[in-house]
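# Structural characterization, general
Each chain, letter by letter, is given below.
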Amino acid sequence: MAIEAVIWVSAGCSPPRRSRPSGAMSAERGLPADFIRRVNSTDPDVNAWARFERSEMAARPEFDALFLEEATPTRWVMAVRGAEVLPLLYGDLRPRVLAAMLACKARFKVGCITNNVTTGHGAGMASSAEKAAAVGEIMSHFAVVIESSKAGVRKPDPRIYLMMCEALGVAPEACVYLDDLGVNCKPAAALGMTAIKVTTEDQLLADLAKATGLAF
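Source: prediction; values computed, not measured.

Rules of the game
Residues numbered from 1 in each chain as written. Predicted model: local features only at pLDDT ≥ 70, side-chain atom pairs only at ≥ 80, totals over all residues. Heavy atoms only, no water. Phe/Tyr/Trp six-rings, centres within 6.5 Å; stacked < 30°, edge-to-face > 60°. Helix = DSSP H or I, 4+ residues; strand = E, 2+ residues; numbered from the N terminus. Buried < 20%, exposed > 50% of the residue type's maximum accessible area, 1.4 Å probe, protein only. Pairing = 2+ DSSP bridges. Axes fitted to C-alpha atoms, helices over the stretch in contact; angles between N-to-C directions. Contact = heavy atoms within 4.5 Å. Salt bridge = Lys/Arg side-chain N within 4 Å of Asp/Glu carboxyl O. Right-handed = clockwise from strand over helix to strand, strands pointing away. Core = buried A, V, L, I, M, F, W, Y, C linked by side-chain atoms within 4.5 Å.

### Notes on the packing of aromatic side chains
Counted according to the given criterion, the structure contains six aromatic pairs. The interplanar angle of 65° and the centroid separation of 5.0 Å between the aromatic rings of Trp-49 and Phe-63 together place this pair among those described as edge-to-face. With Trp-49 in helix H3 (residues 48-53) and Phe-63 in helix H4 (residues 59-70), this residue pair connects regions lying 14 residues apart in the sequence. Per residue, the accessibility class of Trp-49 equals that of Phe-63, and both read buried. Seen in terms of ring centroids, Trp-49 and Phe-67 are 6.5 Å apart; in terms of plane orientation they differ by 85°. Their pairing is edge-to-face.

### A word on the sheet that holds strand E1 (residues 5-8)
Sheet architecture is open: five strands sit in the order E3-E2-E1-E4-E5, paired in parallel fashion. A single partner strand is all that each edge strand has here, and the edge strands are strand E3 (144-147) and strand E5 (194-197). In this sheet, neighbouring strand axes are inclined to one another by 15° on average, regardless of whether the strands run parallel or antiparallel. Strands E1, strand E2 (109-114), E3 and strand E4 (175-179) of the sheet are contacted by helix H10 (residues 158-168), whose axis makes an angle of about 150° with E2.

### Remarks on the pattern of salt bridges
In the structure shown here, the tally under the stated rule is eight salt bridges. A salt bridge links Lys-155 to Asp-179, with the nearest nitrogen and oxygen atoms 3.0 Å apart. Taken together, the positions of Lys-155 in the loop between helix H9 (148-151) and H10 and Asp-179 in strand E4 put the pair 24 residues apart, joining distant regions of the chain. Considered together, Lys-155 and Asp-179 belong to a single accessibility category, that of buried residues.

### So, the pairing of E4
Within E4, five of the five residues are buried, which leaves the element mostly enclosed by the surrounding structure. Of the two faces of E4, the one holding Cys-175, Tyr-177 and Asp-179 and the one holding Val-176 and Leu-178 are both buried throughout. Pairing of E1 with E4, which is carried by three bridges, proceeds in the parallel orientation. Note on E4: the bridge partner recorded for Val-6 is Val-176. Pairing geometry for E4 and E5, over four bridges, is parallel. Opposite Leu-178, over in E5, you have Ile-196 as the bridge partner. For the crossover that starts at E4, traverses helix H11 (residues 182-190) and ends in the parallel E5, the hand is right-handed.

### Let's talk about the nonpolar core
One finds Val-6, Trp-8, Cys-104, Phe-142, Leu-178, Leu-204 and Leu-208 to be the most contacted residues of the largest nonpolar core, which totals 22 residues. Among the elements that make up this core, the one with the highest residue count is helix H7 (residues 95-107) (four residues). When sequence neighbours within four positions are dropped, the list of residues in contact with Cys-104 reads Val-6, Trp-8, Val-110, Leu-208, Leu-214 and Phe-216. One finds Ile-146, Val-153, Val-170 and Met-193 within the second-largest nonpolar core, a separate group that totals 17 residues.

See below:
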């Protein structure tokens, strides 16, 4: 089946990184470098992050307390409260990837599925209103944006991918799906999408070019 849509993980395909911004905290407190990602990968469907991204709890006191409970000293050397992690969320805008997204928009339908929480500014959870405006400008190019915090369902639940297909009016087999987490790519692939696990910018652009037939 011919490609009709390209579905992105976030604006510029650069989601909020939960491992990178925690590096300084990890170094200061003797935590593993991938501390936040490791906490979030434990019981990924029902842990604090999963429930927060589905808007099943507020940042305070529920998420703050539950994240602290999940990051107990016996498991992670030193406990970290959820409130300490929230300010570290951010995403980077990548000009080359943005240009690729706009090229895709000229040829295909484009959508964005993002796991996010009700913190910061806007869908990208930006740290400032200025950055939120920049992200908002990019988000405006997508035909459909589905935010987990508003939809009440998050990746990798297959329902959120099907919600996007329905909104775009396309079959899963006609979609290219991009995500930097393999766990989110698996259900997309199982539904019939051409799933691309993003590891680097160059790899993303090369694999996207191969899948769409476009040159970036």
